[in-house]
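Residue-level listing of the chains:
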Amino acid sequence: MPARNVWRRATSSLARGAVYGLTAVALIPLGLVLWHTVVNGLPAATHVDFFVNVERPVGIPGAGVAHAIVGSAIMVGIASAVAVPLGVVSGVNLVEFGGGLARAVRLAADVLVGAPSIAIGLFAYVLFVAPFHHFSGMAGALALAILMLPVVIRTTEGAVALIPAGLRESGLALGLPRWRVALQLVLPAAAPGVITGALLAMARAAGETAPLLFTGFGNRFWTVDPTQPMSALPLIVFHDALTPYPSLQQQAWGAALVLVAAMLVINLASRWVVRRQQRFAGQL
Amino acid sequence: MSDLSAFRQPVVQAARPELRAVAGISQNKLRIKELSFYYDRTRALKDLTFDIPERRITAIIGPSGCGKSTLLRVFNRMYDLVPRARAQGSVLFEGEDIVTTRRLLELRQRIGMVFQRPSPFPMSIRDNVAFAPRLLGWGSARVKEAVARSLQAAALWDEVKDRLGDSATSLSGGQLQRLSIARCLAVNPEVILMDEPCSALDPIATLKIEDLMVELARDYTIVIVTHNMQQAARVSDNTAFMLMNQAERCGELIEFAPTHELFNQPRDRRTEDYITGRFG
């Protein structure tokens, strides 16, 4: 008997060791990315100039990325304003009404989720840039919206599908129309999942470079006008990191750090929203 | 259960003898005539004909799969949610045929439903009851009145009046079921359909709901589907016994009678077998 116990304990600790070890290995790349971003980005990102000034020519001190932060915020903001309502309503529709159209939408969303973002950028270029002969923040925003849309649709669908049928039936049995039950009863019940999906889609859009290359294009100057070319944090990283100048490379690291920090904030926000909603709604 | 009298004893002294005395006065609220029901091509109900009297409790009993719940879902057209389900025949409700009516939302307001499992809306106790009245566009004073009135009528008011703002999910199972009833009462229904409302409750909560049903039957017509024959015997005025027709695989009405008659002098052999537990 004791011999078997020893054997069991040994196997158990071996297995546990393997699990912990492999988890640590999986975390190594993540840790390295964070570490490098923080170490290289902090020197740039600890200057106030970095957050209040715009780009300056090489050699002139006090350069910043304020225009890119604002540009990212504006483009992601417009993209969300377009994609979130549209995606949420489509997602609800997929579950609540179904039918042939729903199957087509689901397929389209799945294809769109997998589409390379550069292709979406190209598509947005043809649609929103070429006709106007002009790069613009608006074109960038719409490219990002196309990118966000399928994510929002599918996460909304997933969240709404988890709501028990009893809730829907209870609403309908009160004599409420289907669309009101769907939007005012089922959707709020699914809110934590829907909001999380929307925030994660926003985070993804904020980090995308490819769709902005030939839509938002980038801009060295301050602008809040979405009809003008607009800069964004990923574009700063892309452009500055490719230059041979250490000062600009540092700007790139700083911009990357701001992006990572923004992701962290969005993720924490989505967790907070979920927890707050669950405390009130409890287990359905 | 060889000694039948032991079983029948409580049935004879069933609830509400005072109402039985005036049983003849009641009007028929729902008149079911040659009702058949199909899920796609499968027939689920066959040629049901009986009347459900107003301000009485009508119980529908029978073994699982005999179509009790299906029948209940015809009365408020909940079956519309099932693709390719259709009813044939008629159910007259105040002169209007439920099977063919186009005023579905009005119908469901007037014929409310309480489900087997309570589904609290993810909001406060007050908002649960106020939800439908608000969406119907009632003014805030009227909504407030409806919340208080419905919670009182559902015998929940005293337990929750000091915490109307709390989440509904903080309530116990029995309270949740009474909240479902309050929610249903808020829109002023005439008929309340109950689909196994006590099957998830403990005996004490069950008794409370049964008392409540008897109370509500003063103002509302109640139709209850139940597996629990003692429950049907305790609360109902009339009982419909349904059984699955083994040859055609669809539900049939075997017997419909005043509850004390059905339990004490069943006319049909199959009814007797079922209520005495000899049903195979």
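Going along each chain's sequence as written, the residues are numbered from 1 onward. All chains are assigned letters beginning at A, and all ligands numbers beginning at 1, according to the order in which they are written. Totals for whole chains, interfaces and linings use all residues, but because this is a predicted model, local features are given only for residues with pLDDT of at least 70 and pairs of side-chain atoms are given and counted only at 80 or more. Side-chain numbers come from the whole structure's heavy atoms, not from hydrogens or water.

## Quick notes on the overall build of chain A
Inference 1: Of the regular secondary structure elements, chain A holds twelve helices and zero strands.
Inference 2: Numbering of helices and strands starts at the N terminus; helices are DSSP runs of H or I of at least 4 residues and strands are runs of E of at least 2. Listing every helix and strand of chain A by position from the N terminus yields α-α-α-α-α-α-α-α-α-α-α-α.
Inference 3: Taking the principal axes of its C-alpha atoms as reference, chain A extends roughly 70 × 65 × 35 Å.
Inference 4: When burial is assessed residue by residue, chain A has 41% of its 284 residues classed as buried.
Inference 5: Here chain A displays about 14800 Å² of accessible surface, and carbon together with sulfur accounts for 72% of that area.
Inference 6: We score Asp and Glu as negative and Lys and Arg as positive, and we do not count His or the chain ends. In this description, the location of a charge corresponds to atom NZ of lysine, CZ of arginine, CG of aspartate or CD of glutamate. Positive and negative side-chain charges in chain A, numbering 17 and 9 respectively, have mean positions lying 17 Å apart. Each residue is assigned to one of three classes by its accessible area relative to the maximum for its type, calculated with a 1.4 Å probe on protein chains only: buried under 20%, partly exposed between the two thresholds, exposed over 50%. For accessible areas, the Shrake-Rupley method is used with a probe of radius 1.4 Å. Any residue's cover is judged against the shown protein chains and nothing else.

## Focus: the domain arrangement of chain A
Residue and element names in this part refer to chain A.
Inference 1: Annotation of chain A at the domain level lists domain 1 (3-41) and domain 2 (52-283).
Inference 2: Of note, the centres of domain 1 and domain 2, computed from C-alpha atoms alone, are 34 Å apart.
Inference 3: On the side of domain 2, six residues touch domain 1, which itself brings six residues to the contact.
Inference 4: Reported buried area values correspond to the accessible surface (1.4 Å probe) lost by two parts on association, with both partners' losses combined. Carbon and sulfur atoms make up 82% of the surface buried where domain 1 meets domain 2, a total of about 500 Å² over both sides.
Inference 5: The largest contributions to the domain 1 side of the interface with domain 2 come from Thr37, Asn40 and Gly41, which together make up 75% of the buried area.
Inference 6: For salt bridges, the criterion is a side-chain nitrogen of Lys or Arg within 4 Å of an Asp or Glu carboxyl oxygen. Counting across the domain 1 and domain 2 interface gives zero salt bridges.
Inference 7: Pairs of N or O atoms are called polar contacts if they sit within 3.5 Å, as long as, within protein, a hydrogen donor faces a hydrogen acceptor (for residues adjacent in sequence, only side-chain-to-side-chain pairs). Viewed at the interface, domain 2 and domain 1 are joined by zero residue pairs in polar contact (both at pLDDT 80 or more).
Inference 8: Asp, Glu, Lys and Arg are counted as charged, while Ala, Val, Leu, Ile, Met, Phe, Trp, Tyr, Cys and Pro are counted as nonpolar; the rest, among them Gly, fall into the polar class. Of the residues that constitute the side of domain 1 that touches domain 2, the class distribution is two nonpolar, four polar and no charged. As annotated, the domain borders come from an automatic or database domain assignment. The contact rule is simple, with two residues in contact once any of their heavy atoms fall within 4.5 Å.

## Observations concerning the interface of chain B and chain A
Inference 1: At the junction of the two partners, chain B supplies 27 residues and chain A supplies 20 residues.
Inference 2: Carbon and sulfur atoms supply 71% of the area buried between chain B and chain A, which totals about 2000 Å² over both sides.
Inference 3: The interface formed by chain B and chain A contains one salt bridge.
Inference 4: B:Arg73 is the partner of A:Glu169 in a salt bridge, and the nearest nitrogen-oxygen pair spans 3.1 Å.
Inference 5: Across the side of chain B that touches chain A, the residue classes break down as 16 nonpolar, eight polar and three charged.

## Describing the packing of aromatic side chains
In this description, a pair of aromatic rings is defined by centroid distance and the angle of the planes.
Residue and element names in this part refer to chain A.
Inference 1: A pair of Phe, Tyr and Trp rings is counted when the ring centres sit within 6.5 Å of each other, with Trp represented by its six-membered ring. The angle between the planes then sorts it: under 30 degrees is stacked, over 60 is edge-to-face, the rest tilted. One pass over the structure, following the stated rule, counts nine aromatic pairs over all chains.
Inference 2: On the basis of an interplanar angle of 10° and a centroid distance of 4.2 Å, the ring pair of Phe135 and Phe217 is categorised as stacked. Placement of Phe135 in the loop between helix 5 (117-129) and helix 6 (137-161) and of Phe217 in the loop between helix 10 (210-213) and helix 11 (233-241) is noted, with a sequence separation of 82 residues between them.
Inference 3: By relative accessible area, Phe135 is classed as partly exposed at 24%.
Inference 4: Phe217 gets classed as partly exposed once you look at its relative accessible area, which sits at 40%.

## A few points about the packing of helix 5 of chain A against helix 6 of chain A
Residues and elements named next belong to chain A.
Inference 1: One can describe the packing of helix 5 onto helix 6 by two numbers: an axis separation of 9 Å at closest approach and a directional angle of 135°. Regarding the angle of helix 5 to helix 6, the classification is oblique. In this structure, helix 5 crosses over helix 6, and the sense of that crossing is right-handed. Between helix 5, through Ser117, Ile120, Phe123, Ala124, Phe128 and Val129, and helix 6, the contact on the second element is made entirely by Ala139, Leu142, Ala143, Ile146 and Leu147.
Inference 2: The class makeup of the residues in the contact of helix 5 with helix 6 is ten nonpolar, one polar and no charged. Between the N-to-C directions of two axes lies an angle of 0 to 180 degrees, each axis being a line fitted to C-alpha atoms and, for a helix, fitted only over the stretch in contact. For classification purposes, an angle smaller than 35 degrees is called roughly parallel, one larger than 145 roughly antiparallel, one from 65 to 115 roughly perpendicular, and anything else oblique. Helix crossings are classified by the rotation of the near helix relative to the far one: an anticlockwise turn of less than a right angle makes the crossing left-handed, while a clockwise turn makes it right-handed.

## Quick notes on the pairing of strand 8 (residues 221-225) of chain B
Residue and element names in this part refer to chain B.
Inference 1: Counting buried positions over the five residues of strand 8 gives five, a clear majority of the element.
Inference 2: Where burial is concerned, the two faces of strand 8 agree: the one with Thr221, Val223 and Val225 and the one with Ile222 and Ile224 are both buried.
Inference 3: At least two bridges found by DSSP between two strands are what make those strands a pair. Sheet topology note: the strand 3 (residues 57-61)/strand 8 ladder contains four bridges and is parallel. Its bridge partner being in strand 8, Ala59 is matched across the sheet by Ile224.
Inference 4: Judged from the five bridges that link them, strand 7 (residues 191-195) and strand 8 form a sheet pairing that is parallel. Counterpart to Asp195 in the pairing with strand 8 is Val225.
Inference 5: Throughout, right-handed denotes a crossover for which the path from the first strand over the helix to the second runs clockwise when the strands point away from the viewer. In this region the chain leaves strand 7, passes through helix 9 (residues 203-216) and returns to the parallel neighbour strand 8; the handedness of that crossover is right-handed.

## Remarks on the confidence of the model for chain B
Residue and element names in this part refer to chain B.
Inference 1: Confidence scores here are pLDDT values: one per residue, from the predictor, ranging 0 to 100. In this model, chain B carries an average pLDDT of 88, and 90% of its residues clear a pLDDT of 70 or more.
Inference 2: Counting interchain partners and residues more than four positions distant, the pLDDT-below-50 stretch residues 1-15 has 20 contacts.
Inference 3: Counted against residues more than four places away or in other chains, residues 17-24, with its pLDDT under 50, gives eight contacts.
Inference 4: Two summary scores accompany this predicted model of the complex, namely pTM at 0.81 and ipTM at 0.85.

## Thoughts on unusual backbone geometry
Inference 1: Phi is positive for A:His133, which is not a glycine, with a value near 50°.
Inference 2: By the element assignment, A:His133 lies in the loop between helix 5 and helix 6.
Inference 3: Taking relative accessible area as the criterion, A:His133 reaches 74% and is therefore assigned exposed.
Inference 4: Unusually for a residue other than glycine, B:Asn188 sits at a positive phi of about 55°.
Inference 5: Following the sequence through the fold, B:Asn188 ends up in the loop between helix 8 (173-185) and strand 7.
Inference 6: Classification of B:Asn188 as partly exposed rests on a relative accessible area of 39%.

## What about a nonpolar patch on the surface?
Inference 1: Residues A:Val89, A:Phe97, A:Trp179 and A:Leu183 make up a contiguous nonpolar surface patch of about 400 Å² in total accessible area.
Inference 2: Note that A:Trp179 resides in helix 8 (residues 178-189). Exposure above 30% relative accessible area and the lack of any salt bridge qualify a residue for a patch; like charges then connect within 9 Å, and the nonpolar side chains Val, Leu, Ile, Met, Phe, Trp and Tyr within 5 Å.

## Side note on the packing of helix 6 of chain A against helix 9 (residues 191-207) of chain A
Residue and element names in this part refer to chain A.
Inference 1: Packing of helix 6 against helix 9 leaves a shortest axis separation of 8 Å and a crossing angle of 155°. One way to sum up the angle between helix 6 and helix 9 is to call them roughly antiparallel. Like other packed secondary-structure pairs, helix 6 and helix 9 cross with a definite hand, here right-handed. Mapping the contact onto sequence places Leu144, Leu147, Met148, Val151, Val152, Thr155, Thr156 and Ala159 in helix 6 and Gly193, Val194, Gly197, Ala198, Ala201, Met202, Arg204 and Ala205 in helix 9.
Inference 2: Of the residues contributing to the contact of helix 6 with helix 9, the split by class is eleven nonpolar, four polar and one charged.

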